[in-house]
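The residues making up each chain are set out below.
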Amino acid sequence: MAAHVAPGVLAVLAGATALAAPKGRWGHVNAGRVFMVAMGLSSAIGAGLGLVRAETFYITFHAGILALCLIGSGWLAARARSGALQWASGLVAVVNLLNVSALLVIGVFAARSQQLFLGFPGQDYLVLAGMGLVAAAGDATLLWRSRLSERHRIARHLWRMCFGFFIAAGSAFTGPGAAAFSEAVRQSGVLALPELAILLLMVFWLARTLLSRPRLDARP
């Protein structure tokens, strides 16, 4: 548990730094690298924890796999300057699709039976499946086009990293990490603000990236 929490806390701090820093600059790039490594380690350990202690933490297995797929594909998008489809991106897409399929089956089963599945309601599984489906749609688009424009490549990197950051913040503030705060703080609703801020900033930067003048596409 400590090995899962420690890099998770570091991922939240690094993610906030990367999101606040000027994009493409030294601070953003290096904070993003720290976030990727810390979030990858925390997600992998969380996925293993979900299997070892399935009666309590099973959902973290699927959340960990989803987070690994998001940050992995986001990192690949940042490195693929040409925007071309990579074999590694295809492999990540297959893993994500398998994970989404399992989440949908579990979520629908739990929702219809109105019972918890290993301690969590069907809605929680379906929320994760929804994020995975968005990623799968983006993967299908990349497969169809085989190459992305510069702005769409940056947008792919942006929203996948933000979704990964959203999962980290959710785990830290409204998920299991909420136990570290007092009852009054948990009931106040203030712990949901970081997740809301991440989503709003993601929408802002996506709009700025996709709706701005096409000077990014003209760059050699």
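Residues numbered from 1 in each chain as written. Predicted model: local features only at pLDDT ≥ 70, side-chain atom pairs only at ≥ 80, totals over all residues. Heavy atoms only, no water.

Give a description of the overall build of the protein that names residues and reports values.
Helix and strand content of the protein: 9 helices and 0 strands. In terms of overall size, the protein behaves like a compact globule, its C-alpha atoms giving a radius of gyration of 18 Å where 220 residues would be expected to give roughly 17 Å. Expressed as lengths along the three principal axes of its C-alpha atoms, the size of the protein is roughly 55 × 35 × 30 Å. For the protein, with 220 residues in total, the buried portion stands at 42%. Counting only contacts in the protein whose residues sit at least 6 apart along the sequence, the fraction spanning at least 24 positions is 70%. A total of about 11900 Å² of accessible surface is found on the protein, and carbon and sulfur atoms cover 70% of it. The averaged location of the 7 negative side-chain charges in the protein is 14 Å from the averaged location of its 18 positive side-chain charges. (Helix = DSSP H or I, 4+ residues; strand = E, 2+ residues; numbered from the N terminus. Rg over C-alpha atoms; globule rule 2.2 N^0.38 Å. Buried < 20%, exposed > 50% of the residue type's maximum accessible area, 1.4 Å probe, protein only. Contact = heavy atoms within 4.5 Å. Areas by Shrake-Rupley, 256 points an atom, 1.4 Å probe, with all protein chains shown as cover. Lys, Arg positive; Asp, Glu negative; His and termini not counted. Charge placed at Lys NZ, Arg CZ, Asp CG, Glu CD.)

An account of the state of the cysteines is requested, with residue identities and associated values reported.
All told, the structure shown has 0 disulfides when counted by the stated rule. Considering cysteine sulfurs only, C162 is the nearest to C69, which forms no disulfide, with 17 Å between them. Using a relative accessible area of 7% as the deciding quantity, one classes C69 as buried. (Disulfide = S-S within 2.5 Å.)

I'd like a description of the nonpolar core, backed by residues and values.
Ranked by internal contacts, the top residues of the largest apolar core, which has 37 residues, are F35, M39, L70, L128, M131, W159 and I167. Breaking this core down by element, the ones donating at least two residues are α1 (2–20), α2 (26–52), α3 (54–79), α4 (87–113), α5 (122–145), α6 (150–174) and α8 (193–211). Here this core takes 11 residues from α6, the largest share from any one element. Setting aside anything within four residues of it in sequence, one finds M39 in contact with A11, A67, I71, G164, I167 and A168. Counting 6 residues, the second-largest nonpolar core is a separate cluster that includes A47, C69, L76 and A88. (Core = buried A, V, L, I, M, F, W, Y, C linked by side-chain atoms within 4.5 Å.)

Can you lay out a nonpolar patch on the surface for me, pointing to particular residues and giving the numbers?
A contiguous nonpolar surface patch, about 360 Å² in accessible area, is contributed by M1, V5, V9 and L13. Summarising the element assignment, L13 is placed in helix α1. For L13, a relative accessible area of 54% corresponds to the exposed category. (Patch = residues over 30% accessible without salt bridge, like charges linked within 9 Å, V, L, I, M, F, W, Y side chains within 5 Å. Salt bridge = Lys/Arg side-chain N within 4 Å of Asp/Glu carboxyl O.)

How would you summarise the pattern of salt bridges if you had to cite specific residues and measurements?
Overall, the coordinates contain 4 salt bridges when judged by the stated rule. In this structure, D139 engages R156 in a salt bridge whose closest nitrogen and oxygen atoms are separated by 2.9 Å. Taken together, the residues D139 in helix α5 and R156 in helix α6 connect sequence positions 17 residues apart. With a relative accessible area of 7%, R156 lands in the buried category. With its nearest N and O atoms 2.4 Å apart, the salt bridge here joins R186 to E183.

So what about the packing of α3 against α6? Which residues, and what values?
Packing of α3 against α6 leaves a shortest axis separation of 8 Å and a crossing angle of 150 degrees. Considering the angle they form, α3 stands roughly antiparallel to α6. In the crossing of α3 with α6, the sense of the turn from one axis to the other is left-handed. Side by side, α3 and α6 meet where A63, L66, A67, L70, I71, S73, G74, W75, A77 and A78 of the first sit next to R153, R156, H157, W159, R160, M161, F163, G164 and I167 of the second. Its residues assigned to classes, the contact of α3 with α6 comprises 12 nonpolar, 4 polar and 3 charged. (Axes fitted to C-alpha atoms, helices over the stretch in contact; angles between N-to-C directions. Parallel < 35°, antiparallel > 145°, perpendicular 65-115°, else oblique. Left-handed = near helix turned anticlockwise from the far one by under 90°. Nonpolar A, V, L, I, M, F, W, Y, C, P; charged D, E, K, R; others polar.)

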